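In case you want the letters, here they are:
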Amino acid sequence: NAGVMQNPRHLVRRRGQEARLRCSPMKGHSHVYWYRQLPEEGLKFMVYLQKENIIDESGMPKERFSAEFPKEGPSILRIQQVVRGDSAAYFCASSQNQDGGEQYFGPGTRLTVT
Amino acid sequence: KNQVEQSPQSLIILEGKNCTLQCNYTVSPFSNLRWYKQDTGRGPVSLTIMTFSENTKSNGRYTATLDADTKQSSLHITASQLSDSASYICVVSDSGTYKYIFGTGTRLKVLA
């Protein structure tokens, strides 16, 4: 049973470009969470999605950031017009159910904006 | 404001020695507390999970304690190994929610 998979593992973008981060949850998991970890800081919740639905995006910046979890395929975190401050590690987690269900984390995508 | 604070920020110990990491939280209402191990370049991996009614939980050489009254937790590592070198993160969630609140972690370095 493969764990949570994220790709790419490393992504370099120039300022103003778009970044697309992918997350495939564990088999049988229909809940996906995205977290951001800035240098020297703890992980911060960004968004919680179920298949085809955004449940909670309260931690996601209002502009330039969007997330989706389509019926088929991985969840995508999209950052438009990246800026240097977007450089961080982005982690995806998945769970089988919502209420206190254990979240399993992927290896993360390290985004560097030059 | 819900916060999780950890100490020390970093720690260096010799292989075979024991160590204890601390976590204080202000999350309320409290549901459960987890300790994660995060190797460099990897995602966090769960070590222990405790609800408010549990005082201690062990996982091999890792033993976590919880005092829900003082809102403090500790993670004790026994007979440390080189592979224990990692960040150890305390994570608290409030009642019935999916929102994990992460501490900034303690970076542990075990030297031969």
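Before reading on, note that the structure itself is shown above.
First, a word on scope: everything that follows refers to the structure included in this document. Along each chain, residues carry numbers from 1 onward, in the same order as the chain's sequence is written. The naming scheme follows written order: chains are lettered A onward, ligands numbered 1 onward. The model is predicted, so local features are restricted to residues of pLDDT at least 70 and side-chain atom pairs to those at 80 or more, both for listing and for counting; the totals for chains, interfaces and linings are taken over all residues. In computing side-chain properties, one takes all heavy atoms of the structure into account and sets aside hydrogens as well as water.

## Observations concerning the side chain of His31 of chain A
Residues and elements named next belong to chain A. Following the sequence through the fold, His31 ends up in strand E4 (residues 31-37). Note on His31: relative accessible area 8%, which makes it buried. Polar contacts here mean pairs of N or O atoms no more than 3.5 Å apart (in protein, one a potential hydrogen donor and the other a potential acceptor; neighbouring residues in sequence count only if both atoms are side-chain atoms). In terms of polar contacts, His31 uses its side chain to reach the side chain of Gln50, at 3.5 Å. Under the scheme used here, helices are H or I runs from DSSP no shorter than 4 residues and strands are E runs no shorter than 2 residues, and both carry numbers assigned from the N terminus. The buried label applies to any residue whose accessible area, calculated with a 1.4 Å probe on protein chains only, is under 20% of its type's maximum; exposed applies above 50%, and partly exposed to all values in between.

## Some words on the environment of Arg110 of chain A
All names here are of chain A. Relative to the helices and strands, Arg110 is located in strand E11 (residues 109-113). The class of Arg110 is partly exposed, set by a relative accessible area of 21%. The sequence separation of Arg110 and Arg36 amounts to 74 residues, and the corresponding C-alpha distance is 9.8 Å.

## Some thoughts on the packing of aromatic side chains
Ring pairs shown here join Phe, Tyr and Trp side chains whose ring centres sit within 6.5 Å, with only the six-membered ring taken for Trp; geometry is labelled stacked below 30 degrees between planes, edge-to-face above 60, and tilted in between. Tallied over the entire structure, the rule returns 12 aromatic pairs over all chains. Between Phe45 of chain A and Tyr98 of chain B the ring centres are 6.0 Å apart and the planes differ by 45°, which places this aromatic pair in the tilted class. On the criterion of chain membership, the pair formed by Phe45 of chain A in strand E5 (residues 44-50) and Tyr98 of chain B in the loop between strand E9 (86-94) and strand E10 (100-102) is interchain, its members lying in two chains. The interplanar angle of 45° and the centroid separation of 4.4 Å between the aromatic rings of Tyr48 of chain A and Tyr98 of chain B together place this pair among those described as tilted. Here the residue Tyr48 of chain A occupies a position in strand E5, and Tyr98 of chain B occupies one in the loop between E9 and E10, the pair thus bridging two chains. Each member of the pair Tyr48 of chain A and Tyr98 of chain B is classed as buried. Within the aromatic cluster, the residues linked to one another by ring pairs are Tyr33, Tyr35, Phe45, Tyr48 and Phe105 of chain A together with Tyr36, Tyr98, Tyr100 and Phe102 of chain B.

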